[in-house]
Amino acid sequence: MDIRTMFERLDKQFTSYGGLKGGGITRLLYSDEWIEAVKALEKLLKEEGFEVSFDDVGNLTGRIEGSEQPEETIMSGSHIDTVVEGGHLDGQFGILSAIVAMKYLKEKYGQPKKSLEVLSLAEEEGSRFPYTFWGSKNFFNLANTKDVETIADAEGVQFIDAMTRSGFQFRQNDTVRDDIKAFVEMHIEQGKVLETEQKSIGVVTGIVGQKRYTINLKGEANHAGTTPMGLRKDAVVAFTEIVQRLVQRAEEIGDPLVLTFGHVTPVPNTVNVVPGEVEFSVDCRHIDQEVLNTFAKEIETTIKEIAEQRGMDVNINLWMDETPTLMDDAIIEKVEASAEEIVGAAYKVMPSGAGHDSQIFAKHVPTGMIFVPSIKGISHNVEEETLVEDLVKGIEVLASVLYKLAY
Ligand code: HGY
Ligand code: MN
Ligand code: MN
């Protein structure tokens, strides 16, 4: 079989589930597009000879039984959800490359000694509901009802209603699989380091720690014409002061610290009303836990200080707090060896600035990641793209690593 042909066929098919007219995908957890994609994946895996099963929340596995140690499983996959107006590779490429790599290996070398499994994780992004890694956290029984029973999406759809409407439910048992001996996630870099250094493969050593907040600032809505500047409690003005102060501090602290205010909703969001309220998000990341924790404290004190000075109420909700996570040394070694076999010196050993399901997996099973370059470092954007030659090299490296692990 030809890796490129099979991948391009599958990518075209799956990009259509939530596909946008100008390109790219919006495929949010438990949406109609998401349901269409997971059902199509179930059908495809069955047709390709995998043994298929859904878990309670919507994670999907496709299995090839091992011939000698079937009780040991080597797994590869990623998340099937996307951000709003995302690209066709973030998450999706990890699932499709696992399918193509395993099909290629089966055709070339027959049945593996250990079992091989493709994994499609229900959700990673936290783009529809304020909760991330719903798929991988459930995989290890780390999520529970109380985390999501009161959350809703921007349209007010309750998490639980969206889940049950899709035919899925909370995890019904506490058993966690102990047969998984390795997890390898293929992903786009989502940055421009590989492209800048003209490398085709990233051998990932670790994943940054990440904190995400939703902040609510409450001042006082008022008339835009009759309210003197000195008598206002303008939540947007307070928000901009917070952004200014914290971005300046983040720049002083320097790379690889990153700080993003990606979601901002003024209330009532009307041209001639002094905004009485602002809800905004904070996303802060660093590979060093100490630096991340110290700056997170500074974020919280700065927000409280400015709110106080401006006579505003403030609510700070930290809803994601993931530690930096290292990949498994033995797997890193295999990934590096396979990269060398396939692309010679055109690979780079590097950390990940993006969060991934591997950071959940790495705390439970030996885990590694393979990166392919993102053109102009663009991701979480319909322009997200990678040269097809690099996608194919990535799949070849993944196949080589899975061969080392399972054959
Ligand atoms: O936001 C991230 O880092 C990942 O793409 N979910
Ligand atoms: Mn991703
Ligand atoms: Mn993403």
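Everything here concerns the structure above.
I will try to describe carefully the structure that is included in this document. (Residues numbered from 1 in each chain as written. Chains lettered and ligands numbered in written order. Predicted model: local features only at pLDDT ≥ 70, side-chain atom pairs only at ≥ 80, totals over all residues. Heavy atoms only, no water.)

### Things to note about the overall build of the protein chain
- Along its length, the protein chain carries 12 helices and 16 strands.
- For the protein chain, whose C-alpha radius of gyration is 22 Å, the value lies close to the compact-globule estimate of 22 Å for 407 residues.
- On the principal axes, the C-alpha backbone points of the protein chain span a range of 80 × 45 × 40 Å.
- Taking all 407 residues of the protein chain together, 52% fall into the buried category.
- For the protein chain, the proportion of contacts with a sequence separation of at least 24, taken over those separated by at least 6, is 79%. (Helix = DSSP H or I, 4+ residues; strand = E, 2+ residues; numbered from the N terminus. Rg over C-alpha atoms; globule rule 2.2 N^0.38 Å. Buried < 20%, exposed > 50% of the residue type's maximum accessible area, 1.4 Å probe, protein only. Contact = heavy atoms within 4.5 Å.)

### Some remarks on the coordination of the manganese ion (ligand 3)
- The protein atoms donating to the manganese ion (ligand 3) are D90 (OD), E125 (OE), E125 (OE) and H380 (NE2), with metal-donor distances spanning 2.1 to 2.7 Å.
- Spacing between the donor residues of the manganese ion (ligand 3) along their common chain follows D-x34-E-x254-H.
- Here the manganese ion (ligand 3) and the manganese ion (ligand 2) are spaced 3.5 Å apart, with D90 acting as a shared donor. You can see D90 sitting in the loop between β3 (69-79) and α3 (92-109) and its partner H380 sitting in the loop between β16 (367-372) and α12 (388-406), a full 290 residues away along the chain. (Donors = N, O, S within 2.8 Å, 3.2 Å for Na, K, Ca; no water.)

### Regarding the site of ligand 1
- What surrounds ligand 1 is the set D90, E124, E125, Q190, R212, R285, A354, G355 and H380.
- Contacts to ligand 1 include E125, whose side-chain N or O atom sits 2.8 Å from a nitrogen atom.
- Contact distances for ligand 1 include 2.4 Å between an oxygen atom and a side-chain N or O atom of R285.
- When ligand 1 sits alone it has 220 Å² of accessible area, and the protein chains cover 95% of it.
- For the shell around ligand 1, a count of residues per class yields 1 nonpolar, 3 polar and 5 charged. (Near = heavy atom within 4 Å. Polar contact = N/O pair within 3.5 Å; in protein donor to acceptor, adjacent residues only side chain to side chain. Areas by Shrake-Rupley, 256 points an atom, 1.4 Å probe, with all protein chains shown as cover. Nonpolar A, V, L, I, M, F, W, Y, C, P; charged D, E, K, R; others polar.)

### Some points on the coordination of the manganese ion (ligand 2)
- At the metal site, the manganese ion (ligand 2) is ligated by H79 (NE2), D90 (OD) and H187 (NE2), and these contacts range over 2.1 to 2.2 Å.
- The sequence pattern formed by the donor residues of the manganese ion (ligand 2) is H-x10-D-x96-H.

### Notes on the nonpolar core
- Counting 80 residues, the largest nonpolar core has Y30, W34, L41, I99, W134, F159 and I370 as the members making the most contacts within it.
- Top element by residues in this core is α12. It accounts for 11 residues.
- Non-local contacts of I99, meaning those with residues more than four positions away in its chain, are made with M6, L10, L41, L44, L45, F50 and V118. (Core = buried A, V, L, I, M, F, W, Y, C linked by side-chain atoms within 4.5 Å.)

### Comments concerning the packing of aromatic side chains
- Within this structure, the stated rule accounts for 21 aromatic pairs.
- Ring centres 4.0 Å apart and planes at 20 degrees place the aromatic pair F183 and F361 in the stacked group. One end of the pair, F183, is in strand β5 (residues 180-188); the other, F361, is in helix α11 (residues 358-361), and 178 residues separate them in sequence.
- Members of the aromatic cluster, each reached through a chain of ring pairs, are Y30, W34, F54, F129, Y131, W134, F159, F168 and F170.
- For K137, the ring lying beneath its charged end belongs to Y131, and the centroid distance is 5.1 Å. (Phe/Tyr/Trp six-rings, centres within 6.5 Å; stacked < 30°, edge-to-face > 60°. Lys NZ or Arg CZ within 6 Å of the ring centre and 35° of its normal.)

### Considering unusual backbone geometry
- Omega for the bond connecting D255 with P256 falls within 30 degrees of zero, at 5 degrees, which places this linkage in the cis form.
- The omega torsion across V267 and P268 is 5 degrees, close enough to zero to call that bond cis.
- Positive phi values are uncommon outside glycine, yet Q198 reaches one of about 55 degrees.
- Within the secondary structure, Q198 is located in the loop between α7 (193-196) and β6 (201-207).
- Under the relative-accessibility criterion, Q198 is labelled exposed at 71%.
- A positive phi is found at N269, a non-glycine position, where the angle reads about 60 degrees.
- Inspection of the secondary structure assignment puts N269 in the loop between β10 (264-267) and β11 (273-274).
- Residue N269 is classed as exposed on the basis of its relative accessible area of 59%.

### Thoughts on the pattern of salt bridges
- According to the stated counting rule, one finds 27 salt bridges in the structure shown.
- Taking the shortest distance from any N to any O, the salt bridge between E298 and R249 comes out at 2.5 Å. Linking E298 in helix α9 (residues 289-309) with R249 in helix α8 (residues 235-253), this pair joins segments that are 49 residues apart in sequence.
- With a shortest N-O distance of 2.8 Å, E341 and K404 are connected by a salt bridge. Of this pair, E341 sits in helix α10 (residues 329-343) while K404 sits in helix α12, and the two are 63 residues apart along the sequence.
- When its relative accessible area of 53% is taken as the criterion, E341 is described as exposed.
- Ionic contacts of the salt-bridge type, sharing partners, join the residues R63, E65, E117, R177 and D179 into one network. (Salt bridge = Lys/Arg side-chain N within 4 Å of Asp/Glu carboxyl O.)

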